[in-house]
Every structure is written in C-alpha cells, then in structure tokens.
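# Report on the structure
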Amino acid sequence: MSNRTLAVACALAVALLAGGARAKTLVYCSEGSPENFNPMLNTTGTTFDANRPVYDRLIEFKPGTTELEPGLAESWEVSEDGKTIIFHLRHGVKWQANRSFTPTRDFNADDVLFSFDRQWKDANPYHKVSGGGYDYFNDMSFPKLLAAIDKSDDYTVKFTLNEPQTPFLADMAMDFSTIQSKEYADALLKAGKPELIDQEPIGTGPFEFVNYQKDATIRYRAFKDYWGPKPKIDVLVFAITKDPSVRLAKLRANECQIMPYPNPADLASIRSDPSLQLMQQPGLNIGYMSMNTQKKPFDDKRVRIAINMAIDKQAILDAVYQGAGQPAKNLIPPTMWAYNNDIKDFPHDPEQAKKLLAEAGLANGFDTDLWAMPVQRPYNPDARRIAELMQADLAKVGIRAKIVSYEWGEYRKRLQAGDHQMAQIGWTGDNGDPDNFFVPLAGCAAARPGGGNSAKWCNQDFDALVNKAATITNQDQRTALYKQAQVIMHQEAPFFLIAHSIVYMPMRKEVTGYVMSPLGGHLFNTVDLQ
Amino acid sequence: MLRFLLRRVSLIIPTFIGVTFLSFLLIHLVPGDPVLARTGERGIAPERLALLRHEMGLDQPLWRQFVRYEGQVASGDLGRSVVTEEPVWREFITLFPATVELSVCAIALAILVGLPLGVLAASRRGTVYDYTLMGASVTGASMPIFWWGLMMILVFSVALGWTPVSGRISDEFFVQPVTGFMLVDSLFSDDAGAFRSAVSHLILPAIVLGTVPLATVARMTRSAMLEVLNEDYIRTARAKGLSRGRVVFIHALRNALIPVVTVIGLQTGALLGGAILTETIFSWPGVGHWLIEAIQRRDYPVVQGGVLLVAVLVMLVNLGVDLLYGVLNPRIRR
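Note that the coordinates shown come from a computational prediction; the quantities given were computed from them, not determined experimentally.

### Here's the deal with the sheet that holds strand 8 (residues 207-213) of chain A
All names here are of chain A. The strand order across the open sheet built from 4 strands is 1-10-9-8, with neighbouring strands paired in mixed fashion. One side of each edge strand has no neighbouring strand; the edge strands of this open sheet are strand 1 (25-28) and strand 8. If you compare each strand with its neighbour and ignore which way they point, the axes differ by 20° on average. Summarising the sheet, strand 8 and strand 9 (residues 217-222) pair through 6 bridges and their orientation is antiparallel. Residue pairing for strand 9: Phe207 is matched across the bridge by Ala222.

### Observations regarding the state of the cysteines
Residues and elements named next belong to chain A. Summed over all chains, the structure comprises 2 disulfides over all chains. With a sulfur-sulfur separation of 2.3 Å, Cys29 is cross-linked through a disulfide to Cys256. When the S-S torsion is -105°, as for the bridge of Cys29 with Cys256, the disulfide is left-handed. Taken as a pair, Cys29 in the loop between strand 1 and helix 2 (45-51) and Cys256 in the loop between helix 8 (244-252) and helix 9 (267-271) lie far apart in primary sequence, 227 residues in all. Here Cys29 and Cys256 have matching classes, each one buried. The residue that forms a disulfide with Cys444 is Cys458, at a sulfur-sulfur distance of 2.0 Å. On the sign convention where negative means left-handed, the S-S torsion of about 95° between Cys444 and Cys458 marks this disulfide as right-handed. With Cys444 in the loop between helix 15 (435-442) and helix 16 (460-469) and Cys458 in the loop between helix 15 and helix 16, this pair connects stretches of sequence that are 14 residues apart. Since its relative accessible area comes to 16%, Cys444 is described here as buried.

### Quick look at the packing of helix 3 (residues 109-120) of chain A against helix 7 (residues 182-190) of chain A
Between helix 3 of chain A and helix 7 of chain A, the shortest axis-to-axis distance is 8 Å and the interhelical angle comes to 65°. Residue-level contacts link Asp110(A), Asp111(A) and Phe114(A) of helix 3 of chain A to Lys182(A), Glu183(A) and Ala185(A) of helix 7 of chain A.

### Topic: the confidence of the model for chain A
Looking at chain A as a whole, the pLDDT averages 91, with 96% of positions reaching at least 70. The low-confidence segment residues 1-20 of chain A, where pLDDT is below 50, has 23 contacts with residues more than four positions distant or belonging to other chains.

### Some words on the packing of aromatic side chains
Note on aromatic pairs: each is described by the distance of the centres and the angle between the planes. Residue and element names in this part refer to chain A. According to the stated counting rule, one finds 36 aromatic pairs over all chains in the structure shown. Between Phe438 and Tyr482 the ring centres are 5.5 Å apart and the planes differ by 20°, which places this aromatic pair in the stacked class. Remark: Tyr482 occurs in helix 17 (residues 475-492) and Phe438 occurs in helix 15; sequence separation between them is 44 residues. Exposure class is identical for Phe438 and Tyr482. Each is buried. A centroid spacing of 4.9 Å and a plane angle of 55° characterise the contact between Trp457 and Phe462, whose relative ring orientation is tilted. The exposure class assigned to Trp457 is buried, which follows from its relative accessible area of 3%. Put simply, the rings of Phe48, Trp76, Phe87, Phe116, Tyr136, Phe137, Phe142, Phe159, Phe168 and Phe176 pair up and form one aromatic cluster. Taking NZ or CZ as reference, Lys313 lies 5.1 Å from the ring centre of Phe496, over its face. Above the ring of Trp408, the side-chain terminus of Arg412 is found at 4.7 Å from the ring centroid.

### Quick word on the sheet that holds strand 5 (residues 84-89) of chain A
All names here are of chain A. Pairing is antiparallel across the open sheet formed by 4 strands, whose spatial order is 4-5-7-6. Each end of this open sheet is capped by a strand with a single partner; those strands are strand 4 (73-78) and strand 6 (146-153). Taking the axes of each pair of neighbouring strands and ignoring which way they run, one obtains an average angle of 20° across the sheet. Together, strand 5, strand 6 and strand 7 (156-161) form the strand contacts of helix 3, whose direction differs from that of strand 6 by roughly 160°.

### Re unusual backbone geometry
All names here are of chain A. Here the residue pair Lys296 and Pro297 is connected by a cis peptide bond, since its omega of -5° sits within 30 degrees of zero. Within the secondary structure, Pro297 is located in the loop between strand 12 (285-291) and helix 10 (301-310). The residue Tyr261 is not glycine, and still its phi comes out positive at about 50°.

Rules and cut-offs
Residues numbered from 1 in each chain as written. Chains lettered and ligands numbered in written order. Predicted model: local features only at pLDDT ≥ 70, side-chain atom pairs only at ≥ 80, totals over all residues. Heavy atoms only, no water. Pairing = 2+ DSSP bridges. Helix = DSSP H or I, 4+ residues; strand = E, 2+ residues; numbered from the N terminus. Axes fitted to C-alpha atoms, helices over the stretch in contact; angles between N-to-C directions. Disulfide = S-S within 2.5 Å. Buried < 20%, exposed > 50% of the residue type's maximum accessible area, 1.4 Å probe, protein only. Contact = heavy atoms within 4.5 Å. pLDDT = per-residue confidence, 0-100. Phe/Tyr/Trp six-rings, centres within 6.5 Å; stacked < 30°, edge-to-face > 60°. Lys NZ or Arg CZ within 6 Å of the ring centre and 35° of its normal.

Next up, the structure:
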C-alpha cells in the first residue's frame, strides 16, 4: 500500500507540474470513517459516500432525483411476465489502474456476473473475503429473488427472477449493486491478497482512489478515461471530521468547501454568513410513532385515532424540528411519485379524542409505555423531547404514558420483537421506490416478531395492494394502488406519523454545480469551484 | 536495583490478566452486539442474526468466549476488527503514533510551563503571582475539554485565523507515513511547508490536551516546593549565603520533584482519557478516536485489544516512573 500510494502521489505531482496549473482540489468534510472500500459489505451512508466516486452500477439514479437512468448498462428490457431482465452493457468503459494492477480489457459481462456471484454464491472464491456480510443483498431478499444470472455475450446479461419484482430495477441502482472488476479480483487472488479488492478499490467511476489515511483523509483524483462527463475538479479529498461544530469551523476557515449534517442550531448563523451558502431538500425519510396493534388497547382503531388526535403535531415540529421538518400525513414523503396528497391529516382535537376513548370503553384513560430512541436520527432530532411533548398531550386526554428507552441496538431488537406498546422509530429510503417504505414498515410479512413493521399491523387489504403494486411495471397503475393503500393506512391509523425531516448541506459560496440527492448520498461528479 | 525491577515487572502479569478480564467483561455487559449495532432500522431476519452471531462465536457462553480470547491473546493474536476486518494490532500501530505525538507534546507543555509556574508561585507565596497562578490552575484543572477545545477553535482558528481548525496537516500536503509521527515525516518530506503545517496543526490540540496536566503539575510543584522550602537544610543553604536561584532550583526543586514525577506518571494515564475527547474534537486520527468508534459499533476485538494495549502502555509508563524515583531518591531502591 505504502509504495503504491507514494507512486500515485508522485505521478499526481508530476502530472500537475506538467500541466503547469494548481490542481483544483475540493475538500469535503465527511462525518466519519468508511468501514472499507466495498459498498456490498456495508450499510452505512458514510461508507457509500466514500465509494461512490470510484464505482458505478448498471443503473444510476438521475442526479437530484429518484428516477433511474442508464449507468454501465446502456439499456434494459423487462419481459412480459416481469421475471426476466436483459441488460445491454455499455461498450468502451475503462477500468482504473493502480500500482499492482493494470487492466488489459474494458468492462464486460464477466464483471457483472462476478459482482453478483460474489454476494450470492458460497462457491465464489470471494464470497467469504472481508467477512462477507452482504447485508443489503440479503435484506433486499436477493437470494430469494434471483433464479439465475446468465451472460448471453460479452455485453448482454440476463437476470432471471423467481417472481416479478418491479423495484428490482431501483435495487440495481443501489450501492450494493456496485460493479467490481473480475480481472482485478483474479489478479489479487493469484497474488494471495484477495482482501485488497475491498481496501484499494478499482472501479469505472469518475474518480480514482489514491489513498486512505485511517480516520484522517481519503484522497481521489479525477479518472481521465471516465466514460461519462468528466469531473470538473482534479482532486477530491474527504477530510474526516466527526464533530458537526468542528466541521462548520473548518468550512468557515475554508479548510473544506462542503460539509454534511450541520447542527440544527447552527442553521441561522450559516444563513447569515456571506461566505457560505446553504442548500436544502426534503429528506426521503419518515419519523413516526408506532402503536403495537397486537396489544390492548391498541388493537382498537378508535384508540389509535384518538391518539392521533390527542397529540399536537405542529408543536413537535416547532419545538424539536425547528424548521428542519415538514409534518407527515403519509408514510412516504411528498417527493415520492406515489404520494397521496388527498389524505387529510387528523386534526389536533383533544375533545374528539376523549370521545373516541370513551366509545372504546376507556373514558378513564389507560396506562401505557412510550419508547424514545436514545440517539439522534436523520428523521428525528430528539426522540426524548418528542416523547415528553407527546406525554403531556396524552395526559390531557387521560392517557398516562411512561417514557422508556434502551441502548440503541437493544431498542431496535425489542421494538422489532414487539415488546412495546407505543414507540418512536423512523426510516430513510434506500432506492426511492414506495415499495421500500410500505413493505418493510407496514407489510404483513414484516409484522412477524423480529420484523421491521413495528406496529405489528397486518391488514390483508393493504398488504394485497402493496404486494400487487410491486409486480406491475406501469407507474400510473402502481400509483393508483399505492394511493389506495395510503387511504387504508390512514383509516386504520397504526402509526402517529410525525415528520419528514429536511436535509441541509452547507457549502462555501465558491462551490457550484452541487446537486443534492434525495436519497441522502453525497456526489461530487458535477461540482466545480469558482 | 535488579530486584526492585523484577518485583515491579512481576506485578505486571496479574495486572495484565485483570485488564483483559475487565475489558472483556465491560464491553460484553454493554447491551447490544456487533451484529445488532450494524443492522439499523431495517432490522435483521432472526435466522441471519443467529448465523452471523455463530460465525463470530457470540452464541457461545461468555466464559467460553473469555477463555478462547485469553488463549488467543496469550499466543499474541488480538484478533481482527469485526467492522474493517483488519488485524487489531495493525490498526493500533497505524494510529498510535498520532496519539503519542499529541500526548508527548501535551505532557512536555505541561512540564515546561507547569513546573516553572509552580516554582514561581511557591517562591512568591502569598503574592499576586501566587494567587493568579493558582486561580488559573484551578480553572485549568476543572476545564471541560470538549468546551475548551471548541472555544480555542472558535477564537484562534475561526475568528483570528492563526491556527488550522483540525487534522494533522493541511490537505494540500501529502506526506507518506514512514514513522507515523507527522512532525518527523513532514520534516523529511520534500515539501518545505509541510513541517510548518504539521506544527501549526499540533498547537491547539496539544494546548487543549495539556491544560489539565499543566494545571495539576503547577499545583503539585507549588505545594511540594512549599514543603521543601521550609526544611532545615534549605535554611542552612541560605545561611551559607547561596544565591536564591541556587537554593530554589538546585537544593529545593530536586527534592520536590518526587511527588511531581508521581503526578506526571498518573497524568499519562489520564492523558489517554483526555486524548479521546481531544482527538474527537480535532479530528486527530489516534487511538482515542478509534476506541470510541469501536465502542459505538460494539467492535469487541478492537475494544478489548485496544484497551489492553493502552493498559500495557500505562503500566510501562508507571514502571518508568517507579524507576525514575530510584534515580531521584536512592532510598527507594532498597
């Protein structure tokens, strides 16, 4: 590693001197260290961000949207029955090189097969390399979904599924569907160092990996043979800076030009700083409170609606989100194409709530627990404070809520097991498809103990609609089904939906061309410095 | 001297076993485990959770896991991080020089500034110097490091622009790690400005980390000096007509140093605690930062191995301090 990085650094220096110009360097104050350089193995946004400059996928998200566009696949066809997808691969895509590896061929179907086989098949020599976690591949049910992946020729790959699954295409744009080089993998295997594939990445992306100094910096340089539009900056540096106040201090001192995740309390001062600009976008997320519908009295719809009416949502938005959130009335955020804007949120009406409780035979209220996450999440800046506000509102209608919290891993485990009565939780979307919200959070399959449906709510009509929508390719038809499903969810009220948070991105005034991704990732292909 | 050394070294082994036991027990007592820590809101299918736990050996009874771990450590293997899959010792070796560099500068600052201040306060007892210095040292010793670090950054880096905000060197320099000590590596790099950049990056974190030890050393030196200055032999020395400087620095200071050296030794352990916060604020890629991350991710091998390695170092420093007593005060050798 050390000689290699030295060589790359020297090459970089020589190239820059020869060019006679100072390299245009963009420093991004990233929030943490990547686990390694292979997104197949990880689930954290921090690691995905560190890998995106290097790698491509068959399908990409169009910048700034959740729409799909061709990536390493120029086009694709889906069969009538939705079970076969044929990808036509792009010609002339070059692989990057490093000290130990020089590619002898362009990207082709073998690389696609390798990248999926590695995650899928025990027999693949790389399956166990670097721990072989492949959490996303498993979580997105790929082992169950995939029947076969075949190479028709060097530039055509056929995926056969066990059942039609429209969100499959969006899954192919997710980070775990990254394409690695089979030639590099073979060379490393021969050299007896297969784990280097996940530490010194070779990709087809807009930037080449130069070096990683653990917990300090990651360096990349523009890849001159990149198949897409060339990056406008020469060098990209991730300066790992864990504390948000320090990130902001670095930004103000121009030690970095872009930073993610500012403190909500700093937003006003960022806005008023003439050397900075602040971009914002509604996050693809939802913060909510689940009512365990398998426990009394939450099995009664009237009680759930009463709770929805008893809590003052706007007060939570004002006190806790402080402008960085919009009230939620559906499980999916309004930026999604299937959003049902006709739904009218429950009004804040404690009197009506009391009536409903009386109808349900609970005129004297009841005792319940109310769980609050111990950590800040992208969709919920302060669950404890929200729980306190909820507790006060619920007390006004006679519901005596006791606030409970556990260590974060334990919290999720118990929540998924269904130990709670009422509990806050939330979700950040992976691929922009509504299926990615409805099925894991409210589907019947996820209502089992250990599943992500924390209301443990299983409504057959709702379930049939969302499962059907996942098998149809026509977006208008899917929208109609999801809209209907949202009506059912509203009527049944298994959740108290709190808010969709707004994501902020402070940067220097000199930065141009940055496009925020609704999926929460950070991309620098289009960024320039004035 | 040899017997003294052997006696001290033999104490290291039970301490070592105690440390492995405690670090193992504590991290396993914290709820959650490495598999749960990485699952997120998505959750994990129970079969897969069981499989991953089995692969990591987490389904074994705790005592068996501990016995296995002890055996592994005894054979010199600290295991691999469950997050990065890198061997623990390699990660430690990569990051440790950064911590040493910062700690040595901080303790050097504490001694070079704290000792003279303590002597000054003692020799000017009851004057405005004494009250000011001791008032400042009480403030310094009780300073919350996180707040102090951020204040220093806001004043010196953001408002005045005198020092960089964080990191070990400016991003424009690429210094190949050879020793891992940025000051050394940058000195031998071809880039003329690299060394200056490394020094400027070290100033604030060293001051922040050095504040508590500095205040402690100053206070300890003052009280030890006051005690010694009242001794008969000092009066005799003065009566002989020796200069005030000679009496204070030669006759008194050497005898006052024993408690001061003890405090410096103890501060080295405390320094590693402080380094965790300082490294986090200044994005300093050292072992403190690394351990915190490992605790959050329930990276058992890193937490256990890291704590063990740090404990060994503290033991070695304390051994060094004990040996130094012998040098300072020959009576202790017996």
